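Structure at a glance
Each chain is listed here by its residues.
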Amino acid sequence: MRWFFPEGINPATVDEREEFYREDFELASVKDLRFQWDKPSFYLDIGTDTTLYKPRLKERKGEIVKLRNYESLDDLKDRLVEYAPEDLWFDTRIYESDPRQSNAIWKKPEGRMLAFRLDPSRINCRKCEISKEHANTQKQKSTAFCEECFEDIAHRTAQLKVLLEKHFDDVKTYFAGRDFHIHVRDEEGFTLSEMERTELARKIAKKFPIDQEFTTEETRIRMPGSLNGLTGRKVIEVETEDLEEPLSVLYEKSEPEVVEG
């Protein structure tokens, strides 16, 4: 399948994904989630978009696999090497009871991390519109991006981060392999009601090209330090100054050592 990405940005092979989780994935990124979760829950995709996966996992293609019962971080890493996933997400919800335990009393999540997603596809880009005219699938159309719209969305991400930092103390920004995610880790963000979250997203969308549904409804977010299998880029934290040079983020800073562009 043809993907309309900047030159040199291509899907990672299954072997590259396996090698990434064996050699490049840092468990420190999982430990960093312990600011809110003692043992995070994860979800992974075997290979829905790229249609690349280990032959023995063919029956699970298109399935979202839940990883909740890993025994340790080393066990988690072994599982990731085993699956060599196209995508890896973590659950942004917190519960009064542990959803990993089969005998737990399930309760409504008592909170969810506040997050924002800025996607280059939301930029009006004539070059990408021409590419989309040659696309055969909706997925090809929705993921198309070029250097120009990527630089534009990076600069808007920087502006939104500056705005959010005026209201929250713990704000982290990530390049997610194609788009940008902003995580608000303040307790206040976790306790927003659905109405408050929706109103906040609506106000911000007036000035920034965010995905409102991502803020109001999404319960899983691409894992920092993981690999975006569709673009072969590593999910990395970026500072405001990094966003001043977006192409360096795209081509250099997010390039995994084990994945060749």
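Please refer to the structure higher up on the page.
Values in this document were obtained by computation on a predicted structure and should not be read as measured data.

Here 4 strands make up an open sheet; going across it, the order is β6-β8-β7-β12 and the pairing antiparallel. In the strand order of this sheet, the two ends are held by β6 (114–118) and β12 (236–237), each with one partner. Sheet topology places β6 next to strand β8 (residues 180–184); 5 bridges connect them, and they run antiparallel. Directly across from L114, in β8, lies its bridge partner V184. Sheet contacts for helix α6 (residues 147–164): β6, β7 (171–175) and β8; angle to β8, the most-contacted strand, approximately 10°.

Take the nonpolar core next. One broad rule of soluble globular proteins: the nonpolar side chains tend to lie buried together. Counting 35 residues, the largest nonpolar core has F116, L160, L164, F175, F180 and I210 as the members making the most contacts within it. Elements represented by at least two residues in this core include exactly β6, α6, β7, β8, α8 (194–205) and α10 (246–253). Apart from residues no more than four positions distant in its own chain, L164 is found in contact with F116, V171, I182, V184 and I204. Counting residues in hydrophobic clusters, the runner-up holds 30 residues, among them A12, L44, V65 and I94.

Attention now moves to the packing of aromatic side chains. This model, assessed by the stated rule, comprises 13 aromatic pairs. Each ring, one from Y21 and one from F25, has its centre 5.4 Å from the other, and the planes form 50°; the classification is tilted. The buried category is assigned to Y21, whose relative accessible area is 0%. Looking at F25, the relative accessible area reads 3%, which means it is buried.

Attention shifts here to the pairing of strand β1 (residues 42–45). The two faces of β1 match: F42 and L44 on one face and Y43 and D45 on the other face are all buried. As paired strands, β1 and strand β2 (residues 64–67) are joined by 4 bridges and run antiparallel to one another. Bridge pairing links Y43 to K66 in β2. Of the pairings in the sheet, the one linking β1 to strand β3 (residues 87–91) comprises 4 bridges and is antiparallel in character. Bridge pairing in β3 links F42 to F90.

Structurally, R122 can be placed in the loop between β6 and α4 (126–132). Measuring from C-alpha to C-alpha, the distance between R122 and D211 comes to 8.5 Å, with 89 residues separating the pair along the chain. Those residues in contact with R122, other than ones at most four positions away along the chain, are P209, I210 and D211.

With that settled, consider α10. Inspection of α10 places P246, S248, V249 and L250 among the buried residues, and these make up the whole buried set. Buried residues along α10 sit in contact with α6, β7, β11 (233–234) and β12.

So, about the sheet that holds β3. A sheet is described by the order of its strands in space; here 4 strands give the open sequence β2-β1-β3-β9, paired in antiparallel fashion. Of all the strands in the sheet, just β2 and β9 (220–222) have a single pairing partner and so form its edges. If you compare each strand with its neighbour and ignore which way they point, the axes differ by 30° on average. As judged from the 3 bridges shared by β3 and β9, these two strands associate in the antiparallel manner. Looking across to β9, one finds that D91 is bridged to R220. Where helix α3 (residues 73–83) meets the sheet, it contacts β1, β2 and β3, and its direction lies at approximately 165° from that of β2.

On to the environment of A115, then. With respect to the helices, strands and loops of the structure, A115 is situated in strand β6. Along the primary structure A115 and V184 are separated by 69 residues, whereas in three dimensions their C-alpha atoms are 5.9 Å apart. Those residues in contact with A115, other than ones at most four positions away along the chain, are I182, F214, T215 and I221.

Conventions adopted
- Residues numbered from 1 in each chain as written.
- Predicted model: local features only at pLDDT ≥ 70, side-chain atom pairs only at ≥ 80, totals over all residues.
- Heavy atoms only, no water.
- Pairing = 2+ DSSP bridges.
- Helix = DSSP H or I, 4+ residues; strand = E, 2+ residues; numbered from the N terminus.
- Contact = heavy atoms within 4.5 Å.
- Axes fitted to C-alpha atoms, helices over the stretch in contact; angles between N-to-C directions.
- Core = buried A, V, L, I, M, F, W, Y, C linked by side-chain atoms within 4.5 Å.
- Buried < 20%, exposed > 50% of the residue type's maximum accessible area, 1.4 Å probe, protein only.
- Phe/Tyr/Trp six-rings, centres within 6.5 Å; stacked < 30°, edge-to-face > 60°.

The values reported here are purely geometric and, on their own, carry no functional implication.
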